[in-house]
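These are the residues of each chain, in order.
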Amino acid sequence: MSFQAYLDNIETKTGLTPRQFLELAHERGFDETTKATPIVAWLKADYGLGQGHAMALVHVITKGPQISQKHVGTDGAHRDATDTLWLDGKDTNPNG
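Worth saying up front: this structure is predicted, and the values here are computed from it rather than measured.

**With respect to the overall build of the chain**
Part 1 of the reasoning: In terms of helices and strands, the chain carries four helices and zero strands.
Part 2 of the reasoning: Projecting the C-alpha coordinates of the chain onto the three principal axes gives extents of approximately 35 × 25 × 20 Å.
Part 3 of the reasoning: The buried share of the chain, taken over its 96 residues, is 35%.
Part 4 of the reasoning: Considering only residue pairs separated by 6 or more positions, the chain has 51% of its internal contacts joining residues 24 or more positions apart.

**Considerations on the layout of surface pockets**
Part 1 of the reasoning: Taken as a whole, the largest pocket encloses approximately 220 Å³ of empty space.
Part 2 of the reasoning: Lining the largest pocket, in full, are Met 1, Ser 2, Phe 3, Tyr 6, Gly 52, Ala 56, His 59, Ile 67, Ser 68, His 71, His 78 and Asp 80.
Part 3 of the reasoning: Sorting the residues of the lining of the largest pocket by element identifies helix 1 (3-14) and helix 4 (51-63) as the ones contributing at least two each.
Part 4 of the reasoning: No other element matches the three residues that helix 4 contributes to the lining of the largest pocket.
Part 5 of the reasoning: Within the lining of the largest pocket, the residues separate by chemical class into five nonpolar, six polar and one charged.

**What to know about helix 1**
Part 1 of the reasoning: Its 12 residues place the ends of helix 1 17 Å apart at the C-alpha level, agreeing with the 16 Å of an ideal helix rising 1.5 Å per residue.
Part 2 of the reasoning: On its buried side, helix 1 packs onto helix 2 (18-27) and helix 4.
Part 3 of the reasoning: Gly 15 sits one or two residues past helix 1 and shows a positive phi near 80°.

**Description of the packing of aromatic side chains**
Part 1 of the reasoning: All told, the structure shown has four aromatic pairs when counted by the stated rule.
Part 2 of the reasoning: Geometrically, the ring pair formed by Phe 21 and Trp 42 is edge-to-face, given 6.4 Å between the ring centres and 70° between the ring planes. Of this pair, Phe 21 sits in helix 2 while Trp 42 sits in helix 3 (residues 36-47), and the two are 21 residues apart along the sequence.
Part 3 of the reasoning: Using a relative accessible area of 1% as the deciding quantity, one classes Phe 21 as buried.
Part 4 of the reasoning: Centre to centre, the rings of Phe 21 and Tyr 47 are 4.9 Å apart; their planes meet at 80°, and the pair counts as edge-to-face. Here Phe 21, found in helix 2, pairs with Tyr 47, found in helix 3; they are 26 residues apart in sequence, far enough to count as distant.
Part 5 of the reasoning: Taken together, Phe 21, Phe 30, Trp 42 and Tyr 47 form an aromatic cluster joined through their ring pairs.

Basis of the calculations
Residues numbered from 1 in each chain as written. Predicted model: local features only at pLDDT ≥ 70, side-chain atom pairs only at ≥ 80, totals over all residues. Heavy atoms only, no water. Helix = DSSP H or I, 4+ residues; strand = E, 2+ residues; numbered from the N terminus. Buried < 20%, exposed > 50% of the residue type's maximum accessible area, 1.4 Å probe, protein only. Contact = heavy atoms within 4.5 Å. 1 Å grid on protein atoms, 1.4 Å probe; cavity = no way out; pocket = protein on both sides within 12 Å on 5 of 7 lines; lining within 4 Å. Points joined across faces, edges and corners; volume = space filled by probe spheres on them. Nonpolar A, V, L, I, M, F, W, Y, C, P; charged D, E, K, R; others polar. Expected span 1.5 Å × (residues − 1). Phe/Tyr/Trp six-rings, centres within 6.5 Å; stacked < 30°, edge-to-face > 60°.

What follows is the structure, encoded as structure tokens:
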């Protein structure tokens, strides 16, 4: 599954876009200095997310939407169309 697909699946499950999760995380005091454990615990407890999906949001919360070029343009199951994740809703993604 691509990184973007994780975020899209989170939106399907919760009804919240990655950008909305980013805002909620900041309201809770989570930012680039926060370790993964408290963020994952919050996402699991409040939204029922599994470890992998929670870790995708941890990346967005702590590192922003930029991802590695490693899977961009590849043919594998983990390929992404771009090295910048779309945070504003899967239905408005110009790459999707």
